[in-house]
Amino acid sequence: MNEPDDRPLRRRRRWPLFLFSFLAVISLLLHAVRFSRAREAAEMKRSYGELVREQPVAATKARRARFHQLRYFLDYPMAASYAAADLVRRLDGIAAPLRLVSVRIDPGLHDMSFELAIEADTVARRGFDDFLEQLGNAAAAFDIMATPAPAPGSGPRLFAVRGRVELQP
């Protein structure tokens with residue numbers, strides 16, 4: 001009967017050894033993970049320091065700004081001609097009883113100035129104020145000045161209209 005009593009004592013002695021070895025392995029694994037994470041953090045800190053010194057965001061912004069400046073200046077002639085043609089189409093649409101004698105458009109960087117010479121007979125002179133109001137609404141014109149130009153005789157009178165229109169991109 002002595003033999004069965006000895007066996008449980010040996011098992012009790014082995015169990016703490018297995019537990020200690022298991023905990024030691026887990027501790028080593030956790031220390032290895034901690035060391036690798038600290039090394040990754042140091043690498044990220046170093047790469048971030050290089051990133052701040054190189055300033056790639058500022059360089060990218062400068063390249064984009066340069067690209068958009070080039071696109072604006074290369075596309076400007078076509079945009080200005082389309083805007084001038086659109087303005088002439090709108091003027092032709094709203095000047096129904098009046099007759100456009102001449103149209104002069106000078107495109108600027110952000111707006112276009114225009115000068116119109118409009119011929120109106122006695123019947124159409126009443127519609128000239130309506131034309132100016134429609135010009136402001138339909139063509140989105142601003143700084144409109146209308147001065148009647150002197151015309152000899154009692155025939156049709158010429159009116160001069162000056163204004164500006166915003167250049168749409």
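Before any of the text, the structure's been laid out above.
Residues numbered from 1 in each chain as written. Predicted model: local features only at pLDDT ≥ 70, side-chain atom pairs only at ≥ 80, totals over all residues. Heavy atoms only, no water.

### Comments concerning the nonpolar core
- Ranked by size, the top nonpolar core spans 25 residues in total, and within it L87, F114, F128, F131, L135 and V161 carry the most contacts.
- Listed by contribution, the elements that provide at least two residues to this core are α2 (56–94), β2 (111–120), α3 (128–138) and β4 (157–166).
- By residue number, the principal contributor to this core is α2, which donates 7 residues.
- The residues touching L135, leaving out its near neighbours within four places in the chain, are L91, I94, F114, A140, A141, I144 and V161. (Core = buried A, V, L, I, M, F, W, Y, C linked by side-chain atoms within 4.5 Å. Buried < 20%, exposed > 50% of the residue type's maximum accessible area, 1.4 Å probe, protein only. Helix = DSSP H or I, 4+ residues; strand = E, 2+ residues; numbered from the N terminus. Contact = heavy atoms within 4.5 Å.)

### Looking at the packing of aromatic side chains
- The full count for this structure, using the stated rule, is 2 aromatic pairs.
- Arranged with centres 5.3 Å apart and planes meeting at 75°, the rings of Y72 and F73 form a pair that is edge-to-face.
- On the numbers, 6.1 Å between centres and 45° between planes, the contact of Y72 with Y76 is tilted. One end of the pair, Y72, and the other, Y76, are both in helix α2, 4 residues apart, so they sit about a helical turn from each other.
- The partly exposed category is assigned to Y72, whose relative accessible area is 33%.
- With relative accessibility at 18%, the residue Y76 sits in the buried group.
- Grouping aromatic residues by their ring pairs yields a cluster made of Y72, F73 and Y76. (Phe/Tyr/Trp six-rings, centres within 6.5 Å; stacked < 30°, edge-to-face > 60°.)

### Description of α3
- Burial in α3 covers these residues: F128, F131, L132 and L135. Burial along α3 is one-sided: seen end-on, the buried residues are contained in an arc of 100°. α3 presents D129, E133 and N137 as exposed residues on the side facing more than 90 degrees away from its buried surface.
- Just downstream of α3, A140 is the residue with a positive phi angle, here 55°. (Arc of directions from axis to C-beta.)

### Some points on the pairing of strand β1 (residues 99–107)
- Where β1 lies against β2, 8 bridges are found, and the strand directions are antiparallel. When the sheet's bridge partners are listed, L100 is paired in β2 with I118.
- What sits between β1 and β2 in their antiparallel hairpin is a turn of 3 residues. (Pairing = 2+ DSSP bridges.)

### A closer look at the environment of R104
- Within the secondary structure, R104 is located in strand β1.
- In this structure, the C-alpha to C-alpha distance between R104 and A117, residues 13 residues apart in sequence, is 8.9 Å.
- Every residue in contact with R104, bar those within four places of it in the chain, is listed here: S113, F114 and E115.
- Reaching out from R104, the side chain makes a polar contact with the side chain of D106 at a distance of 3.1 Å. (Polar contact = N/O pair within 3.5 Å; in protein donor to acceptor, adjacent residues only side chain to side chain.)

### Thoughts on the pattern of salt bridges
- Taken as a whole and assessed by the stated rule, the structure comprises 10 salt bridges.
- Across the salt bridge formed by R90 and D86, the nearest N and O atoms sit 3.2 Å from each other. Taken together, the residues span about one helical turn, with R90 and D86 both in helix α2 at a distance of 4 residues.
- The partner of E115 in a salt bridge is R104, and the shortest N-O contact between them spans 3.4 Å. (Salt bridge = Lys/Arg side-chain N within 4 Å of Asp/Glu carboxyl O.)

### A look at the packing of α2 against α3
- Closest axis-to-axis distance for the α2/α3 pair is 10 Å, and the angle between their directions is 145°. Between α2 and α3 the crossing geometry is right-handed. Packed against α2, whose contacting residues are R90, L91 and I94, the element α3 presents F131, Q134, L135 and A138 at the interface.
- The residue makeup of the contact of α2 with α3, split by class, is 5 nonpolar, 1 polar and 1 charged. (Axes fitted to C-alpha atoms, helices over the stretch in contact; angles between N-to-C directions. Left-handed = near helix turned anticlockwise from the far one by under 90°. Nonpolar A, V, L, I, M, F, W, Y, C, P; charged D, E, K, R; others polar.)

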